[in-house]
Structure formats: structure tokens, C-alpha cells
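Letter by letter, the chains look like this.
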Amino acid sequence: QHCFHKSHYLASLIQSLPGFELPFNGDFFNEFVIRGPASSKKILEDLEAHNIIGGLDISDIISNGILVAVTEMNTKEEIHKFVEVLSSWGGNARE
């Protein structure tokens, strides 16, 4: 139950960020795909620089795609930090 609610909370926050989207409409439990305004590699490197494991680069399947997973171990503070780093992209590629 924690995984489900936390992942849906994160997904809703990411959807509200300029330049980010959830490209698939459908049910999910704790894993979902996001697409950002820049290469997945650059975004994941930025997250890693902030000590965040951001997800799996799936850009070979979907352009700028990242598979994100949330578990019961992720705190609300960690979720907000994740979103804060993504929001710094501001809908524009920083490549």
C-alpha cells in the first residue's frame, strides 16, 4: 500500500513539471515511465550527482525515457528532493 501511494504521489508531482510527462496511460503499482526534456542519461547523471538513484534509462525503447521505481523505503523528503532536481531542468535541455 505504501509503495502504491508513494509512487502515485511522485508521478503526480512529476506530471506537473514543465517538460516532463508520463507517456503511458494505464495502471501501475510502484514503477512507471517518465519522459523528460533532455536525454535520460543527462537527467540520471544529474540525479546521481545529488545522491539519487533516479531509475533505469530506457531511451532505447522510448525517447528520453526513464523507468522510475518507488518503494516503501522512499521518504517524502526523498521524493521531494527527486522532484526538486527534475524541476531544475525547467522544461529545457541543459545539454
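Residues numbered from 1 in each chain as written. Predicted model: local features only at pLDDT ≥ 70, side-chain atom pairs only at ≥ 80, totals over all residues. Heavy atoms only, no water.

Judged by pairing direction, the sheet is antiparallel, and its three strands sit side by side in the order S1-S3-S2 without closing on themselves. Each having just a single partner strand, strand S1 (31-35) and strand S2 (56-57) make up the two edges of the open sheet. Bridge count between S2 and strand S3 (residues 65-69): two bridges; the pairing is antiparallel. Along S3, the bridge assignment pairs leucine 56 with leucine 67. (Pairing = 2+ DSSP bridges. Helix = DSSP H or I, 4+ residues; strand = E, 2+ residues; numbered from the N terminus.)

With that settled, the discussion passes to the packing of aromatic side chains. A ring pair, where both rings are aromatic, is described by two values, the distance of the centres and the angle of the planes. In total, this model carries one aromatic pair according to the counting rule given. Taking 5.1 Å as the distance between ring centres and 45° as the angle between the ring planes, the aromatic pair formed by phenylalanine 28 and phenylalanine 32 counts as tilted. (Phe/Tyr/Trp six-rings, centres within 6.5 Å; stacked < 30°, edge-to-face > 60°.)

Estimates place the volume of the largest pocket at around 300 Å³. Lining the largest pocket are 17 residues, with Ile52, Ile53, Asn74, Glu78 and Phe82 sitting closest to its centre. Of all elements in the fold, only S3 and helix H3 (76-87) reach the threshold of two or more residues within the lining of the largest pocket. In terms of residue count, the dominant contributor to the lining of the largest pocket is H3 (four residues). Taken together, the residues of the lining of the largest pocket sort by class into nine nonpolar, six polar and two charged. (1 Å grid on protein atoms, 1.4 Å probe; cavity = no way out; pocket = protein on both sides within 12 Å on 5 of 7 lines; lining within 4 Å. Points joined across faces, edges and corners; volume = space filled by probe spheres on them. Nonpolar A, V, L, I, M, F, W, Y, C, P; charged D, E, K, R; others polar.)

Tallying each qualifying case throughout the model produces one salt bridge. Notably, a salt bridge pairs arginine 35 with glutamate 21, separated by 2.7 Å at the nearest N-O pair. With a gap of 14 residues between them, arginine 35 in strand S1 and glutamate 21 in the loop between helix H1 (2-15) and S1 connect regions that are remote in the sequence. A relative accessible area of 24% means that arginine 35 is categorised as partly exposed. (Salt bridge = Lys/Arg side-chain N within 4 Å of Asp/Glu carboxyl O. Buried < 20%, exposed > 50% of the residue type's maximum accessible area, 1.4 Å probe, protein only.)

One recurring pattern in soluble globular proteins is that nonpolar side chains are buried together. By size, the foremost hydrophobic cluster in this structure holds 23 residues, and its most contacted members are Leu10, Ile14, Phe32, Ile34 and Leu86. Listed by contribution, the elements that provide at least two residues to this core are H1, S1, helix H2 (40-49), S3 and H3. No other element matches the five residues that H3 contributes to this core. When near neighbours in sequence (up to four residues on either side) are disregarded, phenylalanine 32 contacts Ser7, Leu10, Ala11, Ile14, Leu22, Ile66, Leu67, Val68 and Val70. (Core = buried A, V, L, I, M, F, W, Y, C linked by side-chain atoms within 4.5 Å. Contact = heavy atoms within 4.5 Å.)

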